Amino acid sequence: NYLRSILPSESKMLVIPNLYFDADFSTFGYIKDHQGESIRNGDEIWSKNLPWSDYHDYLMLAAVARKLDFQSFLTLVSSDPKCDIEKLRSISFSEMESRDSACDIKGCDLLEKTVEKDRPFHSYNHPSNRLMIELANRILKQLGVAAQNISDTTERLKHPSLPIYPVSTGKQNFDENAHMQAFDVYSHEYKSSISSIFSNFSSKKFAFALALMDELL
């Protein structure tokens, strides 16, 4: 509203959505320090770069804290859903609808038209090329600008590509070998920094991950 108020009268304004959807990543989030600041991938607490950059799987963190090995963790995340996955998706859509209310192009409309077998998001705020191209096409259409086909199909926001678990989504999208390597890295890093991580760690998603693990173990 402020930007609208200061634009010249002849200007046009197009408000676009923030493409964010976390239903497929309900156990993922950021780890914060004792001051409430996110602990980033490049911070000194870690001895190396982490596979999922600034993102962390709270379910994996809980598994390491409870001394599960990778095979036990794999069995856990590959289990049938132990939560109301439709409710989780509904909440994510509702949050997107709320953000869409101020937008001229609706993120929910873009997402609902995606093909289920494809990954519309690599992480909760890393949309696929297909979603971004559709958004760009709609922007150009509203502006009256002709769109051009893009020949380079390399996914622009694929890092990190977070795993999608059957236990929390009813779907599976991760490579077991790559996931085992990630588990080895995070196990070492979490064990080395467990006191620092848990000194002031609180999150609704972490509470959800712990409750999910309690039900499975």
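**Observations concerning the overall build of the protein**
So, step 1. Looking only at helices and strands, the protein features 9 helices and 4 strands.
So, step 2. Counted from the first residue to the last, the protein has its helices and strands arranged as α-β-β-α-α-α-α-β-β-α-α-α-α.
So, step 3. If you line up the protein on its principal axes, its C-alpha atoms span 60 × 40 × 35 Å.
So, step 4. Out of the 217 residues belonging to the protein, those deemed buried represent 41%.
So, step 5. Entry remark: accessible area of the protein is about 12400 Å², with carbon and sulfur atoms responsible for 49%.
So, step 6. A distance of 3 Å separates the average location of the 24 positive side-chain charges in the protein from that of its 30 negative side-chain charges.

**A word on the nonpolar core**
So, step 1. Core analysis: the largest hydrophobic core is formed by 51 residues, its most contacted members being Trp-52, Leu-59, Phe-73, Val-77, Tyr-165 and Tyr-190.
So, step 2. Secondary structure elements with two or more residues in this core: α2 (58-65), α3 (70-77), α4 (85-100), α5 (107-112), α6 (129-143), α8 (176-198) and α9 (204-216).
So, step 3. When sequence neighbours within four positions are dropped, the list of residues in contact with Leu-59 reads Thr-27, Phe-73, Leu-76, Val-77, Tyr-165, Val-167, Ala-209, Leu-212 and Met-213.

**Some points on unusual backbone geometry**
Negative phi characterises most residues that are not glycine, and trans characterises most peptide bonds.
So, step 1. With omega at 0°, the peptide bond leading from His-159 into Pro-160 counts as cis.
So, step 2. Note on placement: Pro-160 falls in the loop between α6 and α7 (166-169).
So, step 3. For Ser-53, which is not glycine, the phi torsion reads 55° and is therefore positive.
So, step 4. Looking at the element boundaries, Ser-53 is found in the loop between β1 (28-29) and β2 (56-57).
So, step 5. In the Ramachandran plot, Lys-67 falls in the positive-phi region, its phi being about 65° despite a non-glycine side chain.
So, step 6. Relative to the helices and strands, Lys-67 resides in the loop between α2 and α3.

**Here's the deal with the side chain of Ser-187**
So, step 1. By the element assignment, Ser-187 lies in helix α8.
So, step 2. By relative accessible area, Ser-187 is classed as buried at 9%.
So, step 3. Here Phe-183 takes part through its backbone oxygen, which lies 2.7 Å from a polar atom of the side chain of Ser-187.

**Let's talk about α2**
So, step 1. Taken across its 8 residues, α2 has 7 buried, putting it largely inside the fold.
So, step 2. By the burial criterion, the buried members of α2 are Tyr-58, Leu-59, Met-60, Leu-61, Ala-62, Ala-63 and Val-64.
So, step 3. You can read the cap of α2 off the contacts: a side-chain oxygen lies 3.0 Å from the backbone nitrogen of Leu-59, and it is on Asp-57.
So, step 4. One or two steps after α2, the chain reaches Lys-67, where phi turns positive at roughly 65°.

**Observations regarding the packing of aromatic side chains**
So, step 1. Across all of its chains, the model carries 17 aromatic pairs by this definition.
So, step 2. Taking the centre distance of 6.3 Å and the plane angle of 85° together, the rings of Tyr-30 and Tyr-124 count as edge-to-face. Within this pair, whereas Tyr-30 is found in the loop between β1 and β2, its partner Tyr-124 is found in the loop between β3 (121-123) and β4 (126-127), the two being separated by 94 residues in sequence.
So, step 3. The ring of Tyr-30 has Arg-40 sitting right over it, with the charged end atom 5.4 Å from the ring centre.
So, step 4. Across the ring face of Tyr-124, the terminal group of Lys-205 is positioned such that the distance to the ring centre comes to 4.7 Å.

Conventions used here
Residues numbered from 1 in each chain as written. Predicted model: local features only at pLDDT ≥ 70, side-chain atom pairs only at ≥ 80, totals over all residues. Heavy atoms only, no water. Helix = DSSP H or I, 4+ residues; strand = E, 2+ residues; numbered from the N terminus. Buried < 20%, exposed > 50% of the residue type's maximum accessible area, 1.4 Å probe, protein only. Areas by Shrake-Rupley, 256 points an atom, 1.4 Å probe, with all protein chains shown as cover. Lys, Arg positive; Asp, Glu negative; His and termini not counted. Charge placed at Lys NZ, Arg CZ, Asp CG, Glu CD. Core = buried A, V, L, I, M, F, W, Y, C linked by side-chain atoms within 4.5 Å. Contact = heavy atoms within 4.5 Å. Polar contact = N/O pair within 3.5 Å; in protein donor to acceptor, adjacent residues only side chain to side chain. Phe/Tyr/Trp six-rings, centres within 6.5 Å; stacked < 30°, edge-to-face > 60°. Lys NZ or Arg CZ within 6 Å of the ring centre and 35° of its normal.

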